[in-house]
Amino acid sequence: MADALLTWFRQNLPAELADLTEPYLAKLEEGEYQSLLEDDNARTLFGHIEDQNTKNIRLADHQTWSDFIFQRLGTLLADRSRPEKQAIFFCIGYAALLAFLQSNVTGPPLPFSSAKLLFPGEVAGHAQKTKETRTALLASLGMDGIAAYKLTPNIELLCLADTIMTCPPILKNFKAARWAKMRIAFLQQRLLSEVSSTLQEVIYDDLDILAEEILDSEARGGSAGQMQVELLLERATVHIHHGLDKLARGDLELAKRKRGFQYELTGLMGKRTKFQENNISQLVVLARSRESENKINGESSSEIESPVEGAAANGGSTVQTASGPAKLDLNDDTLLESISFPGKTADAANGGLETSLPAGFKALDPAKQPQLNPLDSTLLLSFASSITNTSPQDGLTREETLPYATRVLDGGSSNWQVYTQALLVRSRIEGHRSRTVERGLLQLQALVDQVIAETSATTADPDATEPSQTSFLPRPKESESAPVTQRLRYIFQLATPTRWDLEAELASRWVSMGGLRSALEIYERLEMWAEAALCWAATDREDQAKKVVRRQLFHATRGDTGEAEVEVGDDETWQGTERTPPPVDAPRLYCILGDIDQSVAMFEKAWDVSNQRYARAQRSLGRYYLSKSDYVQAAGAYSKSLRVNQLNQSSWFALGCALLELEEFQKAVEAFSRCVQLDDSDAESWSNLAAALLRVEPPVSDAVGGAHDVAEDDMDEEIPIKASFNPQKNRRDALKALKRAATLKHESHRIWENVLTVAASVSPPDYTSVLSAQKNIIALRGPKDGERCIDKQVLELLAQHVISTTDHFNPEQPGLARMFVKFMDESVVPLITSSADLWQLVSKLALWRNKPSSALEAEEKAWRVVIAQPGWDSEGEEKWNGVVEATVRLCDSYESLGPRERTEGMGAGEMVEKGWRFKARTAVRSVMGRGKSTWEGTEGWERLVGRGEELKG
């Protein structure tokens, strides 16, 4: 099954070019990249063969080798006597891209020296010139002050591919060139130590064009469907790399539907440990490719690859090989190697109990599931990665993720690289569990040894300066290898890490397990000095971390800048002059120094060294100023960082917080609007957006101005919620934002309290939101705070609205009234302990519901709450007057409700309270008896005396 990009390229070729280009495409599909790069057309492009048009184009006249190639390519394509040249150069460029991936990601080693093949003779034959040329190419790949890995081997192959695919004639005439250009840009993004917003925009611009050409096409099935699925999987990996996991999940779901792929994450009864006696529910993924269904029905499928594909020219073997590197056993004294299921089918494993499993999965043996198509396996692995990125790093997430990798491994894979990726995903998950951490580390080490070590330089490239690979495991066997065509077939959908990234991940794993020395050996061998410094800093050895970083940036304290600095003492602090030119990753190194010393000068130096393109330097400055409560400087720093990288959501959030402190509420609204544009699942951004909207004031003259003004040019005009001076509109917008925040962070009672306040303050009030907010506040705070979590004024407002808009209560009629009554009965009444106002509100509502007996009972409870307060009978006339008022109110209630007819309970039809007059006089006498010694003769006393006389009649 050919690469969808090449299939698309072949389909769009004019008939007159197809036959001329077919030999080159065949070489691409067979992995014969060396043959393509040694073609006469390629040699002419590289300057090994000259003609009349190119003989005056010299490398010495150009800043970089890429510029030299670009001009030669343009000159060669200007000759229209051979229209097939553009297609041939496309094949050469794509071969260079695949050869670069072979040498740095998948292996096996290239059988040729890329420098000798691509560079002119005067460069390829001189080691120093080769090194300088490669250094210049690596520097050209840096973006926004972020450097590519400085020891990247064979970088000229990637630069050649980029130069050819960005050539205007090729990009214009071949749609597939856009796809190749996107792949190259994404690969460049992965070479950088941080995400570049500039590259991100380029990648997504290309993806939008490709989506319009491929995904929006009306073509269905066959090669068109295959292209759509592969593009969706590639776009999902791009989303995951940039942290856009929600978009990735959407693409994976769409790819699943287009593939007709079925999988289900479910629980089946089984045993996980050796000493387990009873079966308990185990999390497992049941999956079946569409092709395997066809096989069951007696049909054959051409899309399932054979376990071994054809041999490749670049190190391939003609003998059949296994489909993946060694999978290490767990060898644990408690855990089984895999889950043991009691039955041979999923239905039997659950004892025949009714389940929601699709019918096709009930007959599936969970212990021996069919092999998946490599694209389906890739989809499962990408789905597992998206779960890891969108969820907290806790045990539940890892338990949910592991079955996806296990399903790919247990079923086996027909593709070597897919199987390798599954081992990598599993090793990442197992590194967090005590019983599997050892196997996780050893499996990762095995991948480094058996897979990545195969990309090490060979004798074909004596000029290579790659660090040697160390290992304590055996070298890979012949049976644990695969031809290059199989390794590269799904490499763009998998986004497998490069050799050095995988080794750096191994070093990070050693750090987490306390193997600091092993980690440092890896970092130092890879010359990842920033990671080595962070490793020292993580172990509270900041002095050693500073030495590591300063050695890369500065000369020795007492040494000539030209003097060899290899043999220096351990006490050297590297306080000499700055190195010129600075290393390519100098901005990052300066920022690390700034983080260690909290040095503003180091952050500013990082900004200057990067020509004001390294956004992290200004973000670090912003964090420093925020910690010092210098909000003016913090806002300025974050504004500068956003000029470079407008896609950094955390920078917009921090800028918004600084603007809130500066009372620049209009600009804060714009900042937080950008936050929710970039990540609409950030509850804090929605909440702060609401806070800013509520505080926006009328525009005033520019007299306020000053140092804390943030340039409005840094913010686009189009934002989702544009604040203006319209208090009610701002409040309504703020309420929408708060409701969104509450939905995202449902457990935050503070957000619900803000929803309650704002919903009650809009005109007219949003009573439904008021009720919902108060209900959630009670659910969150009620068990601990009781009635203190109830907003009495808001409940009074809500009750007044319900009573005034409804003549009588109908319990059968849905709406706000019924919800409010149910809320009061089930949520509020059980919490009331010491609030007379709440009991009076309950009484008012009961009276409206035509329940006079319940209303009178609530009034009695309100009175008891008041007289239960200490000190009213001897201290403070205000308390005494409150008791008097409550007693008079109770008497009035007895007088008005006691004679009425009961409408509820067993005594329906009788009087509410036959002895209401006696109870009223008793209440008055009890209060007067307790307050006589202190309050006799006061106004409140006389009021009680008068009320008692009225009750005698």
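None of the values given here were measured: they were computed from a predicted structure.

(A) Quick peek at the packing of aromatic side chains. As enumerated under the stated definition, the model contains 17 aromatic pairs in all. Ring centres 6.1 Å apart and planes at 70° place the aromatic pair tryptophan 8 and tryptophan 179 in the edge-to-face group. Of this pair, tryptophan 8 sits in helix H1 (residues 4-11) while tryptophan 179 is found in helix H12 (residues 175-191), placing the two residues 171 residues apart along the sequence. For the pair tryptophan 8 and tryptophan 179, a shared accessibility class is recorded, and that class is buried. Pairwise contacts between aromatic rings join Phe9, Phe90, Tyr94 and Phe174 into one cluster. If you follow arginine 190 out to its NZ or CZ, it ends over the ring of phenylalanine 186, 5.7 Å from the centre. It is arginine 487 that lies over the ring of tryptophan 416; its NZ or CZ is 4.1 Å from the centre.

(B) Looking closely at empty space enclosed by the protein. For the coordinates displayed, the defined rule picks out 7 cavities of 30 Å³ or more. Size it by volume and the second largest cavity reaches roughly 60 Å³. Leu101, Arg183, Phe186, Leu187, Arg190, Ile491, Phe492 and Ala495 are the residues that line the second largest cavity. Among the elements of the structure, H12 and helix H24 (491-494) are those that each provide at least two residues to the lining of the second largest cavity.

(C) Structural context of the packing of helix H21 (residues 416-430) against helix H25 (residues 499-512). Where H21 contacts H25, the axes come no closer than 12 Å and their chain directions differ by 20°. In terms of their interaxial angle, H21 and H25 are classed as roughly parallel. The handedness of the crossing between H21 and H25 comes out as left-handed. Along the contact surface, H21 presents Leu424, Ser427 and Arg428, while H25 presents Leu502, Glu505 and Arg509. Partitioned by chemical class, the residues of the contact of H21 with H25 number 2 nonpolar, 1 polar and 3 charged.

(D) Quick look at the sheet that holds strand S3 (residues 335-340). Taken together, the 3 strands give an open sheet; going across it, the order is S2-S1-S3, and neighbouring strands pair in antiparallel fashion. Two strands close off the open sheet at either side, each with one partner strand: strand S2 (280-288) and S3. Taken over all neighbouring pairs, the strand axes of this sheet differ in orientation by 45° on average, direction set aside. Looking at chain direction, strand S1 (residues 262-273) and S3 are connected through 2 bridges and run antiparallel. Within the sheet, the bridge partner assigned to lysine 271 lies in S3 and is serine 340.

(E) Quick peek at the environment of serine 599. Within the secondary structure layout, serine 599 lies in the loop between helix H29 (586-597) and helix H30 (600-609). For serine 599, a relative accessible area of 19% puts it in the buried group. Taking the C-alpha atoms as reference points, serine 599 and leucine 621, separated by 22 residues in sequence, lie 9.0 Å from one another.

(F) Examining a negative patch on the surface more closely. Negative charge collects at one region of the surface, where Glu201, Asp205, Asp208, Glu212 and Asp216 lie side by side. Looking at the secondary structure, you find glutamate 212 in helix H13 (residues 197-215). On the accessibility criterion, glutamate 212 (58% relative accessible area) is exposed.

(G) View of unusual backbone geometry. A cis amide bond links glycine 107 with the next residue in sequence, proline 108, at an omega value of -5°. Considering the arrangement of structural elements, one finds proline 108 in the loop between helix H6 (85-106) and helix H7 (114-118). Residue proline 764 follows serine 763 across a cis peptide bond; omega there is -5°. Its identity is not glycine, yet asparagine 331 carries a phi of approximately 55°, on the positive side. Residue placement: asparagine 331 occurs in the loop between helix H16 (290-296) and S3. According to the relative accessible area criterion, asparagine 331 is exposed, its value standing at 66%. Its identity is not glycine, yet serine 629 carries a phi of approximately 60°, on the positive side. With respect to the helices and strands, serine 629 occurs in the loop between helix H31 (615-627) and helix H32 (631-644). The class of serine 629 is partly exposed, set by a relative accessible area of 45%.

Reading the values: rules and limits
Residues numbered from 1 in each chain as written. Predicted model: local features only at pLDDT ≥ 70, side-chain atom pairs only at ≥ 80, totals over all residues. Heavy atoms only, no water. Phe/Tyr/Trp six-rings, centres within 6.5 Å; stacked < 30°, edge-to-face > 60°. Helix = DSSP H or I, 4+ residues; strand = E, 2+ residues; numbered from the N terminus. Buried < 20%, exposed > 50% of the residue type's maximum accessible area, 1.4 Å probe, protein only. Lys NZ or Arg CZ within 6 Å of the ring centre and 35° of its normal. 1 Å grid on protein atoms, 1.4 Å probe; cavity = no way out; pocket = protein on both sides within 12 Å on 5 of 7 lines; lining within 4 Å. Points joined across faces, edges and corners; volume = space filled by probe spheres on them. Axes fitted to C-alpha atoms, helices over the stretch in contact; angles between N-to-C directions. Parallel < 35°, antiparallel > 145°, perpendicular 65-115°, else oblique. Left-handed = near helix turned anticlockwise from the far one by under 90°. Contact = heavy atoms within 4.5 Å. Nonpolar A, V, L, I, M, F, W, Y, C, P; charged D, E, K, R; others polar. Pairing = 2+ DSSP bridges. Patch = residues over 30% accessible without salt bridge, like charges linked within 9 Å, V, L, I, M, F, W, Y side chains within 5 Å. Areas by Shrake-Rupley, 256 points an atom, 1.4 Å probe, with all protein chains shown as cover. Salt bridge = Lys/Arg side-chain N within 4 Å of Asp/Glu carboxyl O. Lys, Arg positive; Asp, Glu negative; His and termini not counted. Charge placed at Lys NZ, Arg CZ, Asp CG, Glu CD.

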